[in-house]
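Observations on the three-dimensional arrangement
The chain contents come next:
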Amino acid sequence: MSTLRDKQIASVKQMLNLNSSATKQSEPVWKILVYDRIGQDVLTPLLSVQELRQTGVTLHVLLHSERENIPDVPAVYFCIPSEDNVDRICRDLQSSLYDIYYLNFMTPLPRQQIEDLASAAWQSNSGNAIQKVFDQYLNFVSLESDFFVLKHQDADNISFYSLNRGQVKDTEMESMLDNIVESLFSVFATLGVVPIIRSPRGNAAEHVAEKLDKKIRENLRDHRTSLFSSDPMASGQYTLQRPLLIIYDRGMDLTTPLHHTWTYQALSHDVLDLNLNQIKFTDEAPAQGTSRQVPKSRIYDLDDRKDYFWAMHKGSPFPTTAEAIQTELEEYRKSEEDVKRLKATMV
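Let me begin by describing the structure that accompanies this report. Since the model is a prediction, treat every value here as computed from it, not as a measurement. (Residues numbered from 1 in each chain as written. Predicted model: local features only at pLDDT ≥ 70, side-chain atom pairs only at ≥ 80, totals over all residues. Heavy atoms only, no water.)

A few points about the sheet that holds strand β5 (residues 130-135)
Keep this limit in mind: In this scheme, strands are said to pair when DSSP sees at least two bridges between them. Only runs of H or I of at least four residues qualify as helices and only runs of E of at least two qualify as strands under DSSP, and these elements are numbered from the N terminus. Lines are fitted to the C-alpha atoms to define the axes, a helix being fitted only along its stretch in contact, and any angle between axes, read from their N-to-C directions, falls within 0 to 180 degrees. In this analysis, two residues are considered to be in contact whenever any of their non-hydrogen atoms come within 4.5 Å of each other.
Strand order in this open sheet of five strands is β2-β1-β3-β4-β5, and the pairing throughout is parallel. Of all strands in the sheet, those with a lone pairing partner are β2 (57-62) and β5, marking the two edges. Sheet twist, expressed as the mean angle between neighbouring strand axes with direction ignored, is 15°. Bridging between strand β4 (residues 100-105) and β5 involves five bridges; their strand directions are parallel. Following the sheet pairing, tyrosine 101 is matched in β5 by isoleucine 130. Lying over the sheet, helix α1 (residues 4-16) contacts β1 (31-35), β2, β3 (74-79) and β4, oriented at roughly 145° with respect to β3. Against the sheet, helix α4 (residues 83-94) touches β3, β4 and β5, its axis set at about 175° to β4.

So, in structure tokens, the structure goes:
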């Protein structure tokens, strides 16, 4: 059975294949990937640089970075439909930065932004350059097969403190709840299932549940654009099993986030700079007078799909993990000695 992360990866690969189904025999189309910070957060735990290369991505750059004109190569954009992002895309159109544009937004593109894009394309005479515009509904971050977060970039904007601070305005509260609902809707749109929603009454969780329920019902009413197909033959995502979504207010259990368990994964998160399944190490600054003046940084991926030791021991108590490390090291040294003896016999 496909997990949420598997389905998100499949959606991203289809997007990178210019929103068409790829076959094993088909050659990838070489392209440029342009994303914002939120899009980068979504992609980082899903695909490595090598996997991006396999989908035909020759260059991946941030939307708001300085970029040069690259002709004859399609550009795939992946970002949220914010005013800043849409304005930057409009400037790219006016500058004729690329020949072909595939615009993919993580949440639905508002009417005003659609008109802004159309106006920029008309003024720059680049309407034919925009091949497709898609709402991808991928506004969440899958860190593991059974674990996702709604947001990494600017996550404090929807934190427990932001929702419960005394100075919060009604408009700010409404915006935070809408952001949470938009991300949860993206989760179930990616899964292709309609959840059974339950929540306690009288707090923010109830408002989130009501807004999410309303959004799903509105989508189901429009059969032309519904993301949840009621015909099992029309969609491979359809399933008769409906998941149960229970939404709680963090105030019901404030102590759990303060617990620091003695596991490999928890200690890695507490002690090291673990973000989006990556740990970054920076060497100490070199002494003055040496040839290397810039500290060297190294990034390690902790992905349970590729790192069997992490997958096996991330939930183990740290003493158990330390013993496993020693066992693995001894086996490695034994294998190394066997190779050396084999080489010696062949000389």
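Concerning helix α9 (residues 264-271)
Put simply, the rule reads: Buried residues are those whose accessible area, probed at 1.4 Å on protein chains only, stays under 20% of the maximum for their type, while exposed residues exceed 50% and partly exposed ones sit between those limits.
For α9, every residue scored as buried is listed here: Tyr264, Ala266, Leu267 and Ser268. Buried positions along α9 lie against β10 (274-275), α10 (308-313) and α11 (318-346).

Structural notes on the pattern of salt bridges
Test applied: One side-chain nitrogen of Lys or Arg within 4 Å of one carboxyl oxygen of Asp or Glu is enough to make a salt bridge.
As enumerated under the stated definition, the model contains 17 salt bridges in all. Its salt-bridge partner being arginine 67, residue aspartate 92 comes within 2.8 Å of it at the nearest N-O pair. Of the two residues, aspartate 92 is situated in helix α4 and arginine 67 in the loop between β2 and β3; the sequence distance between them amounts to 25 residues. Across the pair, exposure class does not vary: aspartate 92 and arginine 67 are buried alike. Among the ionic pairs, aspartate 92 bridges to arginine 88, the shortest N-O distance being 3.5 Å. One end of the pair is aspartate 92 and the other is arginine 88, both in helix α4 and four residues apart, which spans about a single turn. Residues joined in a network through salt bridges with shared partners are Arg5, Glu144, Asp303, Asp304, Arg305 and Lys314.

Overview of the environment of methionine 15
Within the secondary structure, methionine 15 sits in helix α1. When its relative accessible area of 0% is taken as the criterion, methionine 15 is described as buried. Sequence separation of methionine 15 and phenylalanine 134 is 119 residues, and the distance between their C-alpha atoms is 9.0 Å. Not counting residues within four places of it along the chain, the set of residues in contact with methionine 15 comprises Val76, Phe78, Asn104 and Gln136.

Re the packing of aromatic side chains
Quick reminder of the rule: Pairing of aromatic side chains here covers Phe, Tyr and the six-membered ring of Trp, requires ring centres within 6.5 Å, and sorts the geometry by plane angle: under 30 degrees stacked, over 60 edge-to-face, intermediate tilted. Note on geometry: a ring has a charge over it if NZ (lysine) or CZ (arginine) is within 6 Å of the ring centre and within 35 degrees of the ring normal.
Using the criterion set out here, one finds nine aromatic pairs in the structure. Ring geometry for tyrosine 98 against tyrosine 101: centres 5.9 Å apart, planes inclined by 65°, an arrangement best described as edge-to-face. Accessibility classification places tyrosine 98 together with tyrosine 101 in one group, the buried group. Here the aromatic residues Tyr77, Tyr98 and Tyr101 are joined through ring pairs into a cluster of three or more. The ring of phenylalanine 185 has lysine 215 sitting right over it, with the charged end atom 5.2 Å from the ring centre.

Some details on the packing of helix α7 (residues 170-191) against helix α8 (residues 204-221)
For any two helices packed against each other, one specifies the crossing angle of their axes together with the interaxial distance. Applied cut-off: Any angle that falls under 35 degrees is termed roughly parallel, while one over 145 is termed roughly antiparallel, one within 65 to 115 roughly perpendicular, and all others oblique. Definitions for this section: a left-handed crossing has its near helix turned counterclockwise from the far helix by less than a right angle. A right-handed crossing has that turn clockwise. Residues are grouped as follows: Ala, Val, Leu, Ile, Met, Phe, Trp, Tyr, Cys and Pro are nonpolar; Asp, Glu, Lys and Arg are charged; every other residue, Gly included, is polar.
One way to put it is that α7 packs onto α8 with a least axis distance of 9 Å and a crossing angle of 50°. Judged by the inter-axis angle, α7 sits oblique to α8. Note on packing geometry: the crossing formed by α7 with α8 is right-handed. For the pair formed by α7 and α8, the contact residues are Glu174, Leu177, Asp178, Ile180, Val181, Glu182, Leu184 and Phe185 on the first element and Ala204, His207, Val208, Lys211, Leu212, Lys215, Ile216 and Asn219 on the second. Tallied by class, the residues present in the contact of α7 with α8 amount to nine nonpolar, two polar and five charged.

A word on the nonpolar core
Operational definition: The set of buried Ala, Val, Leu, Ile, Met, Phe, Trp, Tyr and Cys residues whose side-chain atoms join them within 4.5 Å is what this entry labels a nonpolar core.
Core analysis: the largest hydrophobic core is formed by 26 residues, its most contacted members being Phe185, Phe188, Ile197, Val208, Leu212 and Ile247. Within the residue set of this core, elements represented by two or more residues are α7 and α8. Considering every element that reaches this core, the biggest residue donor is α7, with ten residues. Setting aside residues no more than four positions away along its own chain, isoleucine 247 makes contact with Leu184, Ile197, Arg198, Ser199, Pro200, Ala205, Val208 and Ala209. In terms of nonpolar packing, the next biggest core, distinct from the first, is built from 23 residues, Val86, Ile89, Leu93 and Ile130 among them.

Let's talk about unusual backbone geometry
The backbone phi angle of leucine 18 is positive, close to 60°, even though this residue is not glycine. In this structure, leucine 18 sits in the loop between α1 and β1. According to the relative accessible area criterion, leucine 18 is buried, its value standing at 13%. At leucine 276, a residue that is not glycine, the phi angle is positive and equals roughly 55°. For leucine 276, the location among the structural elements is in the loop between β10 and β11 (278-282).

Some thoughts on α1
For the record, the criterion: Under the convention used throughout, the expected extent of a helix is 1.5 Å for every residue step, that is, one less than its residue count. What the arc measures is the spread of directions leading from the helix axis to the C-beta atoms.
For α1, which comprises 13 residues, the first-to-last C-alpha distance of 18 Å matches the rise-based estimate of 18 Å (1.5 Å per residue) to within 8%. For α1, every residue scored as buried is listed here: Leu4, Arg5, Gln8, Ile9, Ser11, Val12, Met15 and Leu16. Seen along its axis, α1 keeps its buried residues to an arc of 160°; they face one direction. A positive backbone phi angle near 60° is found at leucine 18, which sits one or two residues after α1.

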